[in-house]
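Summary of the model geometry
Spelled out from the first residue to the last, the chains are:
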Amino acid sequence: MKFNTKTIHGGQEHEPSTGAVMPPIFQTSTYAQSSPGVHKGYEYSRGENPTRAALENSFAAIENGTHGFAFSSGLAAIDCVLRLLSPGDEVIAGDDLYGGSYRMFTQLFQKYGLNFHFVDMNSVANVTEKINSNTKLIWLETPTNPLMKIADIKAISTNVKNIDSNILIAVDNTFATPYLQQPLDLGADIVMHSATKYLGGHSDLVMGALMVKDDKLAKDLHFIQFAAGAIAGPMDSFLALRGIKTLHIRMQRHCENGKAIAAFLVNHPKVGDVYYPGLKNHPNHEVAKSQMKDFGGMVSFRLKDESQKAAFRFLENTKVFTLAESLGGVESLVNHPVTMTHASIPEPERLKIGITDSLIRLSVGIEDISDLLADLEQALEI
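Residues numbered from 1 in each chain as written. Predicted model: local features only at pLDDT ≥ 70, side-chain atom pairs only at ≥ 80, totals over all residues. Heavy atoms only, no water.

Here's the deal with the overall build of the chain
Operational definition: Each helix corresponds to a stretch of at least 4 residues labelled H or I by DSSP, and each strand to a stretch of at least 2 residues labelled E; elements are numbered beginning at the N terminus. For a compact globule the rule gives 2.2 Å times the number of residues to the power 0.38, and the radius of gyration it is set against comes from C-alpha atoms. When accessible area is computed with a 1.4 Å probe and restricted to protein chains, residues below 20% of their type maximum are described as buried, those above 50% as exposed, and intermediate ones as partly exposed. Any two residues whose heavy atoms approach within 4.5 Å are treated as being in contact. Using a 1.4 Å probe, accessible areas were evaluated by the Shrake-Rupley method; residue-level cover was limited to the displayed protein chains. Under the counting rule used here, the positive set is Lys and Arg, the negative set is Asp and Glu, and His together with the chain ends is not counted. One atom stands in for each charge, and that atom is NZ of Lys, CZ of Arg, CG of Asp or CD of Glu.
Each helix and strand counted, the chain has 14 helices and 12 strands in total. Whereas a compact globule of 382 residues would reach a radius of gyration of roughly 21 Å, the chain reaches 21 Å, a difference of no more than 12%. For the chain, the spread of C-alpha atoms along the three principal axes comes to 75 × 50 × 35 Å. Looking at the 382 residues of the chain, the share that counts as buried comes to 55%. Relative to all contacts within the chain whose residues are 6 or more apart in sequence, the contacts with residues 24 or more apart total 72%. Carbon together with sulfur atoms contributes 53% to the accessible area of the chain, which is approximately 15,800 Å² in total. Of the charged side chains in the chain, 34 are positive and 42 negative, and the gap between their average positions amounts to 1 Å.

This is the structure we're talking about:
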């Protein structure tokens, strides 16, 4: 199947007892057994649930994987990956990543004996030079949150595996989505999504996803998920599966609008730096072009007036863009990383990579582009 067909039919079967086209919401915790241990493939919904199974099959299909897992949040999915490791193991991660990921790495798992190195993944050499005998995981975001850096998934995967084939490569693919980028095909072992965002697409659920190809890795992840219990519920699974069915057409509009807004911001006299991989002056534009189908709907920019007051004035006066956490919904959102999504990162670390008071992140929705541009124009002029 081509991707646009996979979003609708990938991994799906009509419900066998009724022929229902959409999987029913199996709102049950347990399942009848005809004899101890004799059942129809389902025992207890922490382990398996038919609605969640339908979603997980879809997850696997759209990332060209063989196994998918649905979690109660994106952070729960990341937590599951890190539980593959042991005290003393080391992780190499990007220096610009979601604040919740950074908080989990440094305030939770560092306490449990994992060691983390944060490097600029614009360069493959920055990754490989940190590898030693304790390195067990490379954690990539690309594009990154919020500075839209691009990591070369194929080059990093190839070079790391040449050094040690046992090192796992995991990619947070939330910003790109499988519509734009498929890391498993580029050499990654694990793909992670905050399915809360583009996969769900309607800001009405919280969920995480993992997709893999390797059967042993899938078995290990399933055991951790079952043992720790961070599963997605059947209602949220139903909503996410419904969201995925329109992923391809939503992403087309997100990309169209994102490009138009990036071009508008580049030429606005009150705007400084604009961060969008579709711009030709983006440092890794060519890498983005080679591994992404298009450039997405996430745009960050800096005001020339670098004061927090100026940023707040803009943020408080948008009318179509809603000031809110999260991203990837059909509606446009505006975010202030310093005080919102990245507040958990210590100020010296934020400033070192460029997350300053004047940095603003846009999640560009699928509204009419003329309304979005007019809204940005009026907010910038106040």
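Moving on from the model shown.
Digging into the packing of aromatic side chains
Note the threshold: We call Phe, Tyr and Trp rings a pair once their centres come within 6.5 Å, taking the six-membered ring for Trp, and we label the pair stacked below 30 degrees between planes, edge-to-face above 60, and tilted otherwise. The criterion for a charge sitting over a ring is simple: Lys NZ or Arg CZ within 6 Å of the ring centre, and within 35 degrees of the ring normal.
All chains considered together, the criterion is met by nine aromatic pairs. Residues tyrosine 276 and phenylalanine 295 carry aromatic rings whose centres are separated by 6.5 Å and whose planes lie at 70° to one another, so their mutual orientation is edge-to-face. Residue tyrosine 276 is located in the loop between strand E8 (271-275) and helix H11 (285-291), and its partner phenylalanine 295 is located in the loop between H11 and strand E9 (298-303); the two are separated by 19 residues in the primary sequence. Both residues of the pair, tyrosine 276 and phenylalanine 295, count as buried. Within the aromatic cluster, the residues linked to one another by ring pairs are Tyr102, Phe105, Phe116, Phe118 and Trp139. Directly above the aromatic system of phenylalanine 226 lies the positively charged group of arginine 46, at a separation of 4.6 Å from the ring centroid.

Quick word on the nonpolar core
As a rule of thumb, nonpolar side chains are buried together in soluble globular proteins. Defined as follows: For this analysis, a nonpolar core means a set of buried residues of the types Ala, Val, Leu, Ile, Met, Phe, Trp, Tyr and Cys, connected via side-chain atoms within 4.5 Å.
Core analysis: the largest hydrophobic core is formed by 65 residues, its most contacted members being Phe59, Met207, Leu265, Phe301, Phe314 and Leu362. The biggest single contributor to this core is helix H10 (residues 247-266), with seven residues. Excluding residues within four positions of it along the chain, leucine 265 makes contact with Val271, Val274, Val299, Phe301, Leu362 and Leu380. Counting residues in hydrophobic clusters, the runner-up holds 31 residues, among them Phe69, Ala76, Ile78 and Tyr102.

Remarks on the side chain of serine 194
Here serine 194 is to be found in strand E6 (residues 190-194). Overall, serine 194 belongs to the buried group, its relative accessible area being 10%. The residues touching serine 194, leaving out its near neighbours within four places in the chain, are Gly74, Thr174 and Met207.

Thoughts on unusual backbone geometry
With an omega of -5°, the peptide bond between threonine 142 and proline 143 qualifies as cis. Positionally, proline 143 belongs in the loop between strand E4 (135-141) and helix H6 (153-163). At the junction of asparagine 145 and proline 146, the peptide bond is cis and its omega measures out at 15° in the coordinates. Examined against the element boundaries, proline 146 turns out to sit in the loop between E4 and H6. The backbone of methionine 148 shows a phi angle near 60°, a positive value even though the residue is not glycine.

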